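In case you want the letters, here they are:
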Amino acid sequence: MTSATAGGTGSGPVSPRSPRRKSVTGTRKAVVVLFLLPAVVLLGALVVYPIGYSLIRSFVSDTGGGFAGIDNYRELFTDDGIRTAFRNNVIWIVLAPTLATALGLIFAVLTERVSWGTAFKLVVFMPMAISMLAAGIIFRLVYDQDPDRGVANAVWVGVHDTFAESSAFPKAHPGRDSPLRAAGGGAFVTKDPVRVGEPVVLPLVGVAPDLMPDGAKAAKAASADPGKVTGTTWQDFTRGKGVGTLGGVDSAELGYPGMRIEAVRDGTVVERTTAAADGTFTLSEKADGALLRLPEANFREAYNGVDWLGPGLVTPAVIVSYIWMWAGFAMVLIAAGLASVPRELMEAARVDGANEWQVFRRITVPLLAPVLAVVLVTLMINVLKIFDLVYIIAPGSSQDDANVLALQLYRSAFSDGRPGVASAISVLLLLLVIPVMLFNIRRLRREARR
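Below or above, wherever it landed, is the structure these notes cover. Worth saying up front: this structure is predicted, and the values here are computed from it rather than measured.

Definitions and limits used
- Residues numbered from 1 in each chain as written.
- Predicted model: local features only at pLDDT ≥ 70, side-chain atom pairs only at ≥ 80, totals over all residues.
- Heavy atoms only, no water.
- Salt bridge = Lys/Arg side-chain N within 4 Å of Asp/Glu carboxyl O.
- Helix = DSSP H or I, 4+ residues; strand = E, 2+ residues; numbered from the N terminus.
- Buried < 20%, exposed > 50% of the residue type's maximum accessible area, 1.4 Å probe, protein only.
- Patch = residues over 30% accessible without salt bridge, like charges linked within 9 Å, V, L, I, M, F, W, Y side chains within 5 Å.
- Areas by Shrake-Rupley, 256 points an atom, 1.4 Å probe, with all protein chains shown as cover.
- Axes fitted to C-alpha atoms, helices over the stretch in contact; angles between N-to-C directions.
- Parallel < 35°, antiparallel > 145°, perpendicular 65-115°, else oblique.
- Left-handed = near helix turned anticlockwise from the far one by under 90°.
- Contact = heavy atoms within 4.5 Å.
- Nonpolar A, V, L, I, M, F, W, Y, C, P; charged D, E, K, R; others polar.

Below, the discussion takes up the pattern of salt bridges. The full count for this structure, using the stated rule, is 11 salt bridges. For R350, the salt bridge is made with E347, and the minimal N-O distance between the two is 3.1 Å. Of this pair, R350 and E347 both sit in helix α8 (residues 343-351), separated by 3 residues, roughly a single helical turn. Here D400 and R411 are joined by a salt bridge, their closest N and O atoms 2.6 Å apart. With D400 in the loop between α11 (388-393) and α12 (405-415) and R411 in helix α12, the pair connects residues that are 11 residues apart, well separated along the chain. Among the residues examined, D400 registers a relative accessible area of 47% and is labelled partly exposed. Connected through salt bridges with shared partners, the residues E75, D79 and R418 form a single ionic network.

Take a look at the structure:
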């Protein structure tokens, strides 16, 4: 029989002491700390220290000579430029992520049903490979005011001119000793009534030779017709002795093809016509005793498009360029989530009589809600620090109207010499990002517990 252990009265033997367990990786805590130390040092140097320094600097005067209290933060709500930047950031947060996510959702759903969907996704995602700098330069050219350079205005002017044709003679006007006088509203009218059988001359100047219509031919003096009013309207540009006859048709001068001519009597248009390629025109005997008028439509300035980068449209224009870049990112993530949606639910809904819109709204979108939240939150964080596109696309004349907080931070620190205000803006941006990040972290934790 075994004797009881010394000093004990227990009824059974005492189990031997368990050996110390090692970590799963077989490493000691010191080794773990050693491996984590470089990452911790970099995190502290690149993240923690700048945040702490910016926080401290935001309470120091711009000269760095003393404590400024909340003066720098008060500046955030009193400076017009900063308030404009804050307002524009709100516009960015509301519009850019929402539109990019909605467009990505539409692309993902539509391309799922076509055979060339992969190629389309590749094309839409391709702008993500372009830097913000390159994208800004591209859209600065796209929005150029000159329709010959800017794609946006080239398209806009083309559509406009389809419905409201511009004049070919916007700069034309009567010259010296002209038989025409201004009639108001941009029109010109003859000084004296016209008579049948007496050719009329309507000379104009002011159109550059290279801007004359392609169909213009050498001007021709109109022949007299006993029962009609005839005349010529042309570019009377050869002046001076031995060069050309002032008010007379010379062989080197061009007619005004398509020029509209109206015969007006007592304020009423009794007849109208247009000039031929050589500038000649003919009116019936109804025009006898009337004044000839060249209406203002002949001299309407050519439509030059929209000032996309003007004060009123510069922020929406820059947001469009952002959507062009990031809609592909949203589409790829949403398409990945769409691939995991059970097709049985969709087919069951269709069997029950649901149309495609009902399937999309009541099944597809709810099931994609976690993915849509990821995309939306990511883009919201991204637009809070938008800088490159605004700085490059917005011209100097309207950059104040397109200002955002990140751009204002840069301008305050390096252009205006206000580092204290710049630090306060950086702290404000951090405070704006934190709620979005906390929302994302809580959502990820809820997803992990499911």
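Next comes the rest of the write-up.
On the surface, L42, L43, L46, V47, V48, I51, L430, L431, I434, L438 and I441 cluster together into a nonpolar patch covering about 980 Å² of accessible area. The element that contributes the greatest number of residues to the nonpolar patch is helix α1 (residues 29-57), accounting for 6 residues. Following the sequence through the fold, I434 ends up in helix α13 (residues 419-449).

Bringing the packing of α1 against α13 into the picture now. For the pair α1 and α13, the least separation of the axes is 8 Å and the interaxial angle reads 125 degrees. The pairing of α1 with α13 is recorded here as oblique in orientation. Crossing handedness for the pair α1 and α13: left-handed. Residues I51, S54, L55 and R57 of α1 touch α13, and the partners they reach there are P419, G420, S423, S426, V427 and L430. Residues that form the contact of α1 with α13 fall into these classes: 5 nonpolar, 4 polar and 1 charged.

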